[in-house]
Amino acid sequence: MLINTVTLIIPIDISRRSKEIFKRALSLASDISRDGFSAIFSINFKDDDINNELFSSLSLIKNITVVKTEGDNVPLAKIRNTAINQTATEYILFLDVDTVFDADTVRYIVYEAINKKSCFAMLPCLYLTKKGSDFVKDNHSTKQMVDYFFNFRRDLIMHIAFPTSLICVDTYSVKEIGGFDENFYGHGYEDFDFMIRLLSYKGLMSMQESILIDNPYITLVFMEGFRADIAKTSIKELVSKKYILHLHHDKNINDIYYINRSRNAKYFHDKWRSILDKENIKHQSSKTFLHCFLDFCSGNNIKIYDYQVLFDPIPRHMWRNFTLFDHIKSNIKKFKGLLRHDKIPKKI
């Protein structure tokens, strides 16, 4: 059976958002078990009441294996590697604890990976607002939420992205490249690094200087740099409208979890600059993600009209750090034709 060929891997760290992550981990594990899938929950374990309770509760759920990664300042890469080393199935599906589990979507991505020569598939993800997350809790299906997204329901969906933690791939390849690089601190960029090494190993991505372009994107189809290089492999999945949902949670930019990103970004850049120099990689011109997307649609008789939402210039997540006053003020200026470029919300 399809479900017997894959193990779902979910890293858990309840040193932050403890109660919320505890609740979501149990809910996700129950949904996975209910639909007959198997999963490994890898916990950044501390010997305290909440960690012990989570470990015990997850261990009681059928088809759920729980492993511990113990130590101080354990990086997310190591938490994932602990689970990878325990995987015995032919395929791995990496998920996030904030993922909304949808059995049909999971079967789709596993089927895609198994039936591709590359043994790899990655799905786009819709990041929900708090209201959108409440809709899902009220039994709105993943398909309904995708339909809402394509109908510009920005009150429900903040934006769409290709999170590299949501992929299905053969276990052999993951182990051959050595899993995740544990030199990254905490969270951030370890997934980008992993994806570049994985896709390069599979011949799906070539080494080029665009790997050093680190520009977060506002609109998905205009992405560039290594984010575009990674996403080019999954345009079919973008067009399929088979998406994963991500539940809303508050984001504290002063959390050490996010502060580590700047340090990791530097390590990422220095690491790949060194690799490119060693391999004597020079500048190469290549098609943008937008060109690849348009070419795919043209070659498969797909109407661009059906994907207008992907060109939305100001996704809702750009307003996440704006106050209500900022929002009203900017809209007044816009209507007067006086909206200055430097008042556009910054990328996050």
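Residues numbered from 1 in each chain as written. Predicted model: local features only at pLDDT ≥ 70, side-chain atom pairs only at ≥ 80, totals over all residues. Heavy atoms only, no water.

## Observations concerning the packing of helix H1 (residues 18-34) against helix H2 (residues 49-59)
Here is step 1: Across the interface, H1 lies against H2 with an axial gap of 10 Å and an inter-helix angle of 5°. Judged by the inter-axis angle, H1 sits roughly parallel to H2. Each of Ser-18, Phe-22, Ala-25, Leu-26 and Ala-29 in H1 lies in contact with H2, whose residues at this interface are Ile-50, Glu-53, Leu-54, Ser-57 and Leu-58.
Here is step 2: Broken down by class, the residue content of the contact of H1 with H2 amounts to seven nonpolar, two polar and one charged. (Axes fitted to C-alpha atoms, helices over the stretch in contact; angles between N-to-C directions. Helix = DSSP H or I, 4+ residues; strand = E, 2+ residues; numbered from the N terminus. Parallel < 35°, antiparallel > 145°, perpendicular 65-115°, else oblique. Contact = heavy atoms within 4.5 Å. Nonpolar A, V, L, I, M, F, W, Y, C, P; charged D, E, K, R; others polar.)

## Here we look at the pairing of strand E2 (residues 38-45)
Here is step 1: Counting buried positions along E2 gives seven out of eight residues, so the element sits mostly inside the fold.
Here is step 2: As paired elements, strand E1 (residues 6-12) and E2 share six bridges and run parallel to each other. Pairing of Ile-10 across the sheet is with Phe-41, part of E2.
Here is step 3: In the classification by handedness, the crossover that spans E1, the intervening H1 and the parallel E2 is right-handed.
Here is step 4: Here E2 pairs with strand E3 (residues 64-70) via seven bridges, running parallel. Directly across from Ile-43, in E3, lies its bridge partner Lys-68.
Here is step 5: Chirality of the crossover, the property in question, places the unit of E2, H2 and E3 among those that are right-handed. (Buried < 20%, exposed > 50% of the residue type's maximum accessible area, 1.4 Å probe, protein only. Pairing = 2+ DSSP bridges. Right-handed = clockwise from strand over helix to strand, strands pointing away.)

## Things to note about helix H8 (residues 190-201)
Here is step 1: End to end, H8 covers 16 Å across 12 residues, agreeing with the expected 16 Å (1.5 Å per residue, within 8%).
Here is step 2: Among the 12 residues in H8, 10 count as buried, and that is most of the element.
Here is step 3: Those residues of H8 that sit buried are Glu-190, Asp-191, Phe-192, Asp-193, Phe-194, Met-195, Ile-196, Arg-197, Leu-198 and Leu-199.
Here is step 4: Directly after H8, the chain includes Gly-203, whose backbone phi takes a positive value near 75°. (Expected span 1.5 Å × (residues − 1).)

## A few points about the nonpolar core
Here is step 1: In this structure, Phe-41 and Phe-289 are the most contacted members of the largest nonpolar core, which totals 108 residues.
Here is step 2: Not counting residues up to four positions away in its chain, the partners in contact with Phe-41 are Ile-10, Ile-12, Ala-25, Leu-28, Ala-29, Ile-32, Leu-58, Ile-64, Thr-65, Val-66 and Val-67. (Core = buried A, V, L, I, M, F, W, Y, C linked by side-chain atoms within 4.5 Å.)

## Focus: the sheet that holds E3
Here is step 1: Spatially, E3-E2-E1-E4-E9-E6 is the arrangement adopted by the six strands of the open sheet, whose pairing is mixed. Edge strands, defined here as strands with exactly one partner in the open sheet, are E3 and strand E6 (120-122). Looking at each pair of strands side by side, their axes are set apart by 20° on average, direction ignored.
Here is step 2: By the bridge criterion, three bridges tie strand E4 (residues 91-94) to strand E9 (residues 167-170) in an arrangement that is antiparallel. Among the inter-strand pairings, Ile-92 is bridged to a residue of E9, identified as Val-169.
Here is step 3: Of the strands in this sheet, E1, E4, E6 and E9 are in contact with helix H4 (residues 103-115), which crosses E6 at around 145°.

## Some remarks on the environment of Ser-133
Here is step 1: Note that Ser-133 resides in helix H5 (residues 130-137).
Here is step 2: Accessibility expressed as a relative area gives 3% for Ser-133, which makes it buried.
Here is step 3: For the pair Ser-133 and His-248, spaced 115 residues apart in the sequence, the C-alpha separation amounts to 6.1 Å.
Here is step 4: The contact partners of Ser-133, leaving out residues within four places of it in the chain, are Leu-128, Leu-247 and His-248.

## A look at the sheet that holds strand E7 (residues 125-128)
Here is step 1: Pairing in this open sheet of four strands is mixed, and the strands run E5-E10-E7-E8 from one edge to the other. Strands at the two margins of the open sheet, each flanked by one partner only, are strand E5 (99-100) and strand E8 (157-161).
Here is step 2: Pairing geometry for E7 and strand E10 (residues 244-246), over three bridges, is parallel. Its bridge partner being in E10, Cys-125 is matched across the sheet by Ile-244.
Here is step 3: With respect to the sheet, H5 is in contact with E5, E7 and E10, its orientation differing from that of E7 by roughly 105°.

## Observations concerning the environment of Lys-251
Here is step 1: Its place among the elements puts Lys-251 in the loop between E10 and helix H11 (256-278).
Here is step 2: With a relative accessible area of 40%, Lys-251 lands in the partly exposed category.

## Concerning unusual backbone geometry
Peptide bonds are mostly trans, and most non-glycine residues show a negative phi.
Here is step 1: In this structure, Tyr-189 is a non-glycine residue whose phi angle is positive, near 75°.
Here is step 2: Mapped onto the fold, Tyr-189 is located in the loop between helix H7 (171-176) and H8.
Here is step 3: For Lys-241, which is not a glycine, the phi torsion comes out positive at approximately 65°.

## Remarks on helix H12 (residues 289-299)
Here is step 1: Buried within H12 are the following residues: Phe-289, Leu-290, Cys-292, Phe-293 and Cys-297. An end-on view of H12 places all buried positions within 165° of arc, on one side of the element. Exposed positions of H12 whose direction lies more than 90 degrees from the buried face are Ser-298 and Gly-299.
Here is step 2: Summarising the contacts, the buried residues of H12 are in contact with helix H9 (225-231) and helix H10 (235-240). (Arc of directions from axis to C-beta.)

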